[in-house]
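What follows is each chain in one-letter form.
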Amino acid sequence: MTTIENEFIRVSINTKGAQLSSLYNKATKTEHMWQADEKIWPWHAPNLFPVVGGLINNELVVDGEKYAMNRHGFARQSEFFLLESDENSASYSLPNCENTLKVYPFKFDFQILYHLIEGALRITYKVINLDKKPVYFSVGGHPAFNVPFNKGENYEDYYLEFETEEQLDAHALSKDGFFNGVTHPVPTPNKKLHLTRDLFNADALVFKNLKSRMLTIKSDKHEQTLALEFPHFNYLGIWAKPGADFVCIEPWLGCADTEGKQVDIKEKEAIQKLNVGHVFEAAYFVCI
């Protein structure tokens, strides 16, 4: 476990999955990360790579060959190397190895960089192509934030405020976690989506054409907030385990398969292509 901090925030990161496990607001004495209750949902903020979401038959197809790949990829279950750290930053690396090549036939270095900037934590995903061919991948975050912030409050006192007024349509997922072609409107009067215990009974709300690039968790009862900015990510998932005291705000560059459409990785929706010798970077920010 590595801890970084400044006068505003203290952060802890685990080498397994390079997972953010604690984000503590020093001024309000608030722990903002869900503490991974194994009886409910045993994660804090898994990092998703080289796929986001589920694959039909749990198979990744590359040039006609099929490889076993679980939902959200292998990075969240992998041990990362700590590259370097100082008082307010830490960098982690997951390079390809014999085990990754068995399920994902690309040579790469997947890095995650954490950097505190006053009252914000910047999380940067970096992919380096070490292969002699283009590398195809998806990447995303899955951070779970405690709601309510404080003891004695109600989940229903909280809402998500979108950056801009817009007409939101969520893309529905089947019971197996695949897109089924169905969309439904999600009303957000005054840019607000109120959190309720049944909001995620049909799985995550997934938005593909979102204009907003910031979402803020707010309460009707006080002024404490937490915002997530995702300038580089075109897809967004919002989810919670029904009845649990958290909400996940998930910036993605990639998404699950569509029912009945198993396609080659090169044809997957929202797939990222990284040419030989190139480096990819995308960041999101958690702001208190």
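Rules used throughout
Residues numbered from 1 in each chain as written. Predicted model: local features only at pLDDT ≥ 70, side-chain atom pairs only at ≥ 80, totals over all residues. Heavy atoms only, no water. Salt bridge = Lys/Arg side-chain N within 4 Å of Asp/Glu carboxyl O. Helix = DSSP H or I, 4+ residues; strand = E, 2+ residues; numbered from the N terminus. Buried < 20%, exposed > 50% of the residue type's maximum accessible area, 1.4 Å probe, protein only. 1 Å grid on protein atoms, 1.4 Å probe; cavity = no way out; pocket = protein on both sides within 12 Å on 5 of 7 lines; lining within 4 Å. Points joined across faces, edges and corners; volume = space filled by probe spheres on them. Pairing = 2+ DSSP bridges. Nonpolar A, V, L, I, M, F, W, Y, C, P; charged D, E, K, R; others polar. Axes fitted to C-alpha atoms, helices over the stretch in contact; angles between N-to-C directions. Contact = heavy atoms within 4.5 Å.

1. Topic: the pattern of salt bridges
A full pass over the atoms with the stated rule returns nine salt bridges. For Glu 161, the salt bridge is made with Lys 218, and the minimal N-O distance between the two is 2.9 Å. Residue Glu 161 is located in strand β15 (residues 158-162), and its partner Lys 218 is located in strand β20 (residues 214-219); the two are separated by 57 residues in the primary sequence. Its salt-bridge partner being Lys 268, residue Asp 257 comes within 2.7 Å of it at the nearest N-O pair. With a gap of 11 residues between them, Asp 257 in the loop between β23 (246-253) and β24 (272-274) and Lys 268 in the loop between β23 and β24 connect regions that are remote in the sequence. For the pair Asp 257 and Lys 268, a shared accessibility class is recorded, and that class is buried. Members of the salt-bridge network, linked through shared partners, are Glu 156, Arg 197 and Asp 245.

2. Let's talk about empty space enclosed by the protein
In this structure the tally under the stated criterion is one cavity of 30 Å³ or more. For the largest cavity, the calculated volume is near 30 Å³. If you trace the largest cavity, you find it lined by Tyr 155, Thr 196, Arg 197, Phe 200, Ala 240, Lys 241, Pro 242, Gly 243 and Ala 244.

3. Comments concerning the pairing of strand β1 (residues 2-5)
Judged by which residues are buried, β1 turns out to be one-sided: Thr 2 and Ile 4 face inward and are buried, whereas Thr 3 and Glu 5, on the alternate face, are not. Two strands pair when backbone bridges link them, and β1 and strand β2 (residues 9-14) are joined in this way by four bridges, in the antiparallel orientation. Paired with Thr 3 across the bridge in β2 is Ser 12. The hairpin formed by β1 and β2 contains three residues between the paired strands.

4. Examining the layout of surface pockets
A volume near 370 Å³ is recorded for the largest pocket. When grouped by side-chain class, the residues that make up the lining of the largest pocket number 10 nonpolar, five polar and seven charged. Of the voids in this model, the second largest pocket is the one considered here, and its volume is about 180 Å³. Contributing to the lining of the second largest pocket are Glu 31, Asn 146, Val 147, Pro 148, Phe 149, Asn 150, Lys 151, Gly 152 and Asp 245. Grouping the amino acids of the lining of the second largest pocket by side-chain chemistry returns three nonpolar, three polar and three charged.

5. Quick word on the sheet that holds strand β11 (residues 120-129)
Sheet architecture is open: nine strands sit in the order β8-β9-β10-β11-β25-β21-β20-β15-β18, paired in antiparallel fashion. The sheet is open, and its two borders are formed by β8 (81-86) and β18 (192-194), each paired with just one other strand. Taken over all neighbouring pairs, the strand axes of this sheet differ in orientation by 15° on average, direction set aside. Across four bridges, β20 lies against strand β21 (residues 226-229) in antiparallel orientation.

6. What about the sheet that holds β1?
An order of β1-β2-β3-β4 is seen for the four strands of this open sheet, with the pairing classed as antiparallel. Bordering the open sheet on either side are β1 and β4 (30-31), each of which pairs with just one other strand.

7. Details of the environment of Tyr 155
Position of Tyr 155 among the secondary structure elements: in the loop between β14 (144-146) and β15. Considered as a pair, Tyr 155 and Phe 246 are 91 residues apart in the sequence and their alpha carbons are 8.5 Å apart. With residues up to four places along the chain from it excluded, the contact list for Tyr 155 reads Val 147, Pro 148, Leu 195, Thr 196, Arg 197, Phe 200, Ala 240, Ala 244, Asp 245, Phe 246 and Val 247.

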